[in-house]
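Survey of secondary and tertiary structure
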Amino acid sequence: MRTFKNLASLILLVFGFACSVSAAPLPRIHILATGGTIAGVGASSTGSAYKPGQLGIDQLLEAVPEINKVAEVTGEQIFTIASQDMTDVDWLKLAQRVNQLLARDDVDGIVITHGTDTMEETAYFLNLTVKSNKPVVLTGAMRPATSLSADGPLNLFNAVVTAGAKESEGRGTLIVLNGIILGARDATKTNTLSVQTFQSPNSGILGYVHDGEVNYQLKNEKLHTSQSVFDITNRTTLPKVGIVYGYANADPVLVEALINAGYEGIVHAGVGNGNIHKQVFPALIKARNKGIQVVRSSRVPTGPSTLDAEVDDQANRFIAALDLNPQKARILLMLALTETNDWEKIQEMFLVY
Ligand code: SIN
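The shown structure was predicted, so the numbers you read here are calculated from the model rather than taken from an experiment. (Residues numbered from 1 in each chain as written. Predicted model: local features only at pLDDT ≥ 70, side-chain atom pairs only at ≥ 80, totals over all residues. Heavy atoms only, no water.)

What follows covers the domain arrangement of the chain. Partitioning the chain into structural domains gives domain 1 (24-227) and domain 2 (241-352). One C-alpha centre belongs to domain 1, the other to domain 2; they are set 30 Å apart. In this complex, domain 1 contributes 17 residues to the contact, which on the side of domain 2 involves 15 residues. Interface area lost by domain 1 to domain 2 is led by Tyr124, Arg185 and Asn202, which between them contribute 38%. Counting across the interface, domain 1 meets domain 2 through two salt bridges. A salt bridge links aspartate 323 to arginine 185, with the nearest nitrogen and oxygen atoms 2.9 Å apart. Applying the counting rule to domain 1 against domain 2 returns 10 residue pairs in polar contact (both at pLDDT 80 or more). (Domains from an automatic or database assignment. Contact = heavy atoms within 4.5 Å. Buried area = accessible area lost by both parts, 1.4 Å probe. Salt bridge = Lys/Arg side-chain N within 4 Å of Asp/Glu carboxyl O. Polar contact = N/O pair within 3.5 Å; in protein donor to acceptor, adjacent residues only side chain to side chain.)

Right, dumping it as structure tokens:
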């Protein structure tokens, strides 16, 4: 009888040990919901009319119970907006909350649900202001939650898988939609309707998320997150930077308006290699003479606006955006201006971030 009892205890002990070895703790992922189409509701499952930002975080999570098998998830509704209404103040609040959460030992990663319209901008802002190597992943949807074949639930599941994966650490802020993982610096929305809207036209996608697993192929080589100098901890505003679009027969009136409105920086979304119309050039020189920083970006989606090519940046004290698109060049210039107003130092920042 005694031998039987000893044997039973031994079996229980071995079984318990095996279970504790095989059941690794689930990653603890906090979701910050901001609104967007992923939380959108339409009158019909087949029509295109809908209102973004109608569902709360609890309803988004209820639609994906499978998430509980891959992570211990908590969530909060930080905003309820369509992302075209995102502001600098919202970005500061979001980045400060992400930094607060990631400083905690009981948070392993963050997922942010966000409208797709300005997702790339929020992602790049966080890429430069989050002070942690833990994963931060933005996701959203191109179809509202009520749509046939809504893409939001799988995108949310994949984003949580990505945020919970050790392999995602130290890669900067990520965007996950439609099974692909993109880096915040290069990802951009390329289609107004398609679920395969995000692409990284200059550097390529970083990896895939499929069947509950991530598979990375590339690494982001630019500085980001914990390597970044930008500290927004106590900031409540950002320097004003506007974008002026370049086109044939362009008028200087838009540059003049930004000068008169007290902007500290202007991003010119030029033609070709960041080129500037001869009618606009003198207004940009005027801006420089008033101490306003001018970044030469390009409206062309791929390739860099190279330094000192057709425009003499040294002589004009312009900053070349290289392959940062105009909306991201605006973000880097705003953050750069929180550190310095020396155009050569800002040019250095455009080379490394
Ligand atoms: C938005 O950006 O909030 C609306 C569009 C979308 O989420 O796809």
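This part is about the sheet that holds strand E15 (residues 293-298). Paired through their backbone hydrogen bonds, the strands of a sheet run either parallel or antiparallel. Strands sit in the order E13-E14-E15-E16 across an open sheet of four strands; the sheet is parallel. With one partner strand each, in any of the chains shown, strand E13 (241-245) and strand E16 (319-320) form the two edges of the open sheet. Of the strand pairs in this sheet, strand E14 (residues 265-270) and E15 are connected by six bridges, and their pairing is parallel. Opposite glycine 265, over in E15, you have glutamine 293 as the bridge partner. Helix H10 (residues 326-337) rests against E13, E14 and E15 of the sheet, and its axis sits at about 160° to E14. (Pairing = 2+ DSSP bridges. Helix = DSSP H or I, 4+ residues; strand = E, 2+ residues; numbered from the N terminus. Axes fitted to C-alpha atoms, helices over the stretch in contact; angles between N-to-C directions.)

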